[in-house]
Amino acid sequence: MEVIIQPTADEAAHLAARVIAHEVRSRPNSVLGLATGRTMEAIYARLTEMHRNEGLSFARCHTFNLDEFIGLPPDHPGSYRKVMTDRFFSHVDIPADHIHFLNGQAADLTAECEAYEAAIRLCGGIHLQLLGIGRDGHIGFNEPLSALQSRTREKALTPATRRQNAFLFGGRWEAVPARALTMGVGTILESRRCLLVATGEEKAYILAQAVEGPITAWVTASALQLHPRCTVIVDEAAAEQLRGKDYYRWIFENEPEWAPFR
Ligand code: F6R
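Residues numbered from 1 in each chain as written. Predicted model: local features only at pLDDT ≥ 70, side-chain atom pairs only at ≥ 80, totals over all residues. Heavy atoms only, no water.

Considerations on the pairing of strand E1 (residues 2–6)
Stage number 1. Counting buried positions along E1 yields five of five residues, so the element is predominantly enclosed.
Stage number 2. Residues Glu2, Ile4 and Gln6 point to one face of E1 and Val3 and Ile5 to the other, with burial holding for every one of them.
Stage number 3. Note: E1 against strand E10 (residues 230–235), five bridges, orientation parallel. Paired with isoleucine 4 across the two strands is isoleucine 233, which belongs to E10. (Buried < 20%, exposed > 50% of the residue type's maximum accessible area, 1.4 Å probe, protein only. Helix = DSSP H or I, 4+ residues; strand = E, 2+ residues; numbered from the N terminus. Pairing = 2+ DSSP bridges.)

Written as structure tokens, this is what we have:
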């Protein structure tokens, strides 16, 4: 795992977008795992700009979103599919049949999750998995005590996660569905590369637990410590409680791999 600290949330988002763009340019048929949420908005806005102004094309990419609420129609303003369509997919050149989403209205949710895992395998696996972190330490909707080898499945959401998503439901946390489908921690760990982005002081405590604390199902993001290629991009506010800040900064300034991004 490596941690890159940027001065502001915007700069963290821009760096994350550059890492994704670099992946897509060097492998135009990349399979991207995508996340939703506030942290991601500036990343998708920057990728959209790069598509418009710098010729970045997603035409040969496939995408798999991490999670979706159960029971919402795809055009519901709170559905992650709708959020992704409005904020990203409708602004870039990715073909509709390359966009993969869990269907939270499927009659058989277990079969839906198995089919999603099969579709990921059929595409050859995920090259780059973009992740945010919940205040309870979740990645995807893998809430505390999710098995660290879990696969795509149904999950009950914590009240904290429902509150965090209330902004998509007119500010009413009770309106946020109590259950969701999510890729499992084990599914996420199979991606060839993980890119976790966290910004803002409200993420500082849980980020330090995930990066520098013990690997525990209580903080599912801590499982990323097991991943052979995980990059964590944060702003100063989210980095506040990290013990290894000086070392992380040295790595970013000195490792040749990061030279094109400095
Ligand atoms: C959503 C997802 C979640 C979010 C996390 C952070 O697809 O995967 O794990 O990334 O809840 O959300 P924000 O960015 O809104 O704080």
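Some remarks on the pattern of salt bridges
Think of it this way: side chains of opposite charge can pair up when their charged atoms draw near.
Stage number 1. If you walk through the whole model with that rule in mind, you get 11 salt bridges.
Stage number 2. In this structure, the salt-bridge partner of aspartate 86 is lysine 82, at a minimum N-O distance of 3.0 Å. On the criterion of helical spacing, the pair formed by aspartate 86 and lysine 82 is a turn pair, its members being four residues apart in helix H3 (residues 80–87).
Stage number 3. The partly exposed category is assigned to lysine 82, whose relative accessible area is 26%.
Stage number 4. One salt bridge connects arginine 179 with glutamate 154, and the closest N-O pair in it is separated by 2.6 Å. Note that arginine 179 is positioned in strand E8 (residues 179–182) and glutamate 154 in strand E7 (residues 153–156), a separation of 25 residues in sequence.
Stage number 5. Residue classification places arginine 179 among the partly exposed residues on the basis of a relative accessible area of 39%.
Stage number 6. When salt bridges that share partners are traced, they join Arg46, Glu49 and Glu54 into one network. (Salt bridge = Lys/Arg side-chain N within 4 Å of Asp/Glu carboxyl O.)

Some details on the sheet that holds E1
Stage number 1. Spatial strand order, E1-E10-E9-E6-E2-E3-E5: seven strands in an open sheet with parallel pairing. Of all the strands in the sheet, the pair left with one neighbour each is E1 and strand E5 (99–100).
Stage number 2. Summarising the sheet, strand E6 (residues 128–131) and strand E9 (residues 193–198) pair through four bridges and their orientation is parallel. The partner of leucine 130 across the bridge, within E9, is leucine 195.

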